[in-house]
Each structure stands twice: as structure tokens, then as C-alpha cells.
Amino acid sequence: MIAMQELRDHYCFTDEDAELLQSLQPLAREHVDHFSQEFYDYLYGLPDTASILNKTDRVHLRQMHNNWFLSLFTGVYDNHYLNHLTRIGHAHVKVGLNVHFVNAAMNQVRHFLLNLIDGSYHDREQRRLLREAVEKMLDMNLDVMGSSYREEEMKKVFLSRRVESYLITATE
């Protein structure tokens, strides 16, 4: 597994990016309910995600998504944060959510945040810097969550090969 500093390096995510994201924390807190409403409107609009959501504790799940959203703006992105994202990815795999929907939902989050920045900051350079920091953070989140799916696929391949090897040995 990759360490958070390596991930940050690969995405050219700097301490300045972390500070920029942390500066967005009050705006994120102010708009977390709006985020949640738009996010769930989107998810419930898709039959595949709606069927999964209907099997879960909606209040708890909404709180988890809100916590994740706000965690984007803490300014602290270390291995603890990385482990948090890894657990989120594994939870998505566990409930049977196709990785496509994780990617599509992240796209919705991206648009929400970029629109929020565009509507809240008038200085063009400040908007550019904030947008770039948000883009990097969302890409890193998606990378880590997506790795959970790759890990699961590898487990299936290894299990399949072990079963195949056992069957070949047994038939010989």
C-alpha cells in the first residue's frame, strides 16, 4: 500500500494545497446540508445506487457522507486520513457498489465544489488555486477508494487460480 506522502507527491499536492483546502472549511460547513441534498438527489436518481441506499440506515449513511465531505477540508492529510479513505473504499466494495458509481458520484462532488468556489470567490487567481487544490484532493480520494476495488479483484484472481490449481491437481 502506498503511503500518504507518496500519494501527495504523485499528485503534486503541497502544504499550500492543504492550507487552501483548510481555508474552505467554513464554506464547506455552511453548505454541507446543500451538498448532502444534491448528493442524495443524484444517488437516489440512479436505480443501482438507490437499491443499495434503500438497504441501509439512511441517517447513519448521510452522516458518514457528510463527515467524509467535511474531512476534505481539515488540512491534515496523513496516513490516518489515507486509512480512513481505504476503509471507505472497502465499505463500497462490501455493499456491492460498482466502482463506476463511485467515479460518477465523485464527479458530482467535484461539480458541486467547483461551482461553490466559483460562486463564492471573485478573485480569479484565488479561484484557480482553490479549484486546483480541490481537484487534487478529490483525485487522491478517488485513487485510494478505487484501489479497494483493485484489491478485491486481485483476491478473486488469486482465489480462482488456487481453485483452478486444486482442481487440476485433484484430476491428475
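Refer to the preceding data block for the structure.
Just so it is clear, the structure is predicted and the values come from calculations on it, not from any experiment.

Engineer: Which parts of the structure should I look at to understand the overall build of the protein chain?
Structural biologist: Along the backbone of the protein chain there are 8 helices and 0 strands. Overall, the protein chain shows an N-to-C arrangement of helices and strands of α-α-α-α-α-α-α-α. Counting only residues that meet the buried cut, the protein chain has 39% of its 172 residues in that class.

Engineer: Help me out: how do you make sense of the environment of His90 in this one?
Structural biologist: Along the chain, the position of His90 falls in helix α6 (residues 79–94). His90 gets classed as partly exposed once you look at its relative accessible area, which sits at 30%. Here the alpha-carbon distance between His90 and Ser148, two residues 58 residues apart in the chain, equals 5.5 Å.

Engineer: I tried to follow empty space enclosed by the protein on my own but got confused; where do I start?
Structural biologist: To find the voids left in a structure, one rolls a probe of water-molecule size over its atoms. If you walk through the whole model with that rule in mind, you get 1 cavity of 30 Å³ or more. Around the largest cavity, the lining residues are Leu24, Leu27, Ala28, Phe73, Leu113, Leu116 and Ile117. The biggest single contributor to the lining of the largest cavity is helix α7 (residues 99–120), with 3 residues. Considering only residue class, the lining of the largest cavity consists of 7 nonpolar, no polar and no charged.

Engineer: Got a minute to help me understand the nonpolar core in this structure?
Structural biologist: If you look at soluble globular proteins, the nonpolar side chains tend to sit buried side by side. Residues Leu21, Trp68, Phe69, Leu72 and Leu113 are the most contacted members of the largest nonpolar core, which totals 48 residues. Counting residues per element, the ones that place at least two in this core are α1 (4–10), α2 (15–23), α3 (25–44), α4 (47–53), α5 (58–71), α6, α7 and α8 (124–171). With near-sequence residues (within four places) excluded, Leu113 lies in contact with Phe69, Leu72, Phe73, Val134 and Leu138.

Engineer: Is there a simple way to think about the pattern of salt bridges in this case?
Structural biologist: Pairs can form between side chains of opposite charge once their charged atoms are near each other. This model, assessed by the stated rule, comprises 7 salt bridges. Between Arg110 and Asp139 there is a salt bridge; the shortest N-O distance is 2.8 Å. With Arg110 in helix α7 and Asp139 in helix α8, this pair connects stretches of sequence that are 29 residues apart. Relative accessible area serves as the criterion here: at 13%, Arg110 is assigned to the buried category. Residues joined by salt bridges that share partners form a network here, namely Arg110, Glu135 and Asp139.

Engineer: What is the right way to read α6 from this model?
Structural biologist: Along an α-helix, residues three or four positions apart point the same way, because every turn accommodates 3.6 residues. If you check α6, its first and last C-alpha atoms are 22 Å apart, about what 16 residues at 1.5 Å a residue would give, namely 22 Å. The complete set of buried residues in α6 reads Tyr81, Leu82, Leu85, Thr86, Ile88, Gly89, His92 and Val93. Summarising the axial view, the buried residues of α6 lie within an arc of 160 degrees, below the 170-degree limit, and thus occupy one face. Exposed positions of α6 whose direction lies more than 90 degrees from the buried face are His80 and Lys94. Structurally, the start of α6 carries an N-cap: the backbone nitrogen of His80 is 3.2 Å from a side-chain oxygen of Asp78. Just beyond α6, the residue with positive phi is Gly96, at close to 85 degrees.

Procedures and definitions
Residues numbered from 1 in each chain as written. Predicted model: local features only at pLDDT ≥ 70, side-chain atom pairs only at ≥ 80, totals over all residues. Heavy atoms only, no water. Helix = DSSP H or I, 4+ residues; strand = E, 2+ residues; numbered from the N terminus. Buried < 20%, exposed > 50% of the residue type's maximum accessible area, 1.4 Å probe, protein only. 1 Å grid on protein atoms, 1.4 Å probe; cavity = no way out; pocket = protein on both sides within 12 Å on 5 of 7 lines; lining within 4 Å. Points joined across faces, edges and corners; volume = space filled by probe spheres on them. Nonpolar A, V, L, I, M, F, W, Y, C, P; charged D, E, K, R; others polar. Core = buried A, V, L, I, M, F, W, Y, C linked by side-chain atoms within 4.5 Å. Contact = heavy atoms within 4.5 Å. Salt bridge = Lys/Arg side-chain N within 4 Å of Asp/Glu carboxyl O. Expected span 1.5 Å × (residues − 1). Arc of directions from axis to C-beta. Polar contact = N/O pair within 3.5 Å; in protein donor to acceptor, adjacent residues only side chain to side chain.

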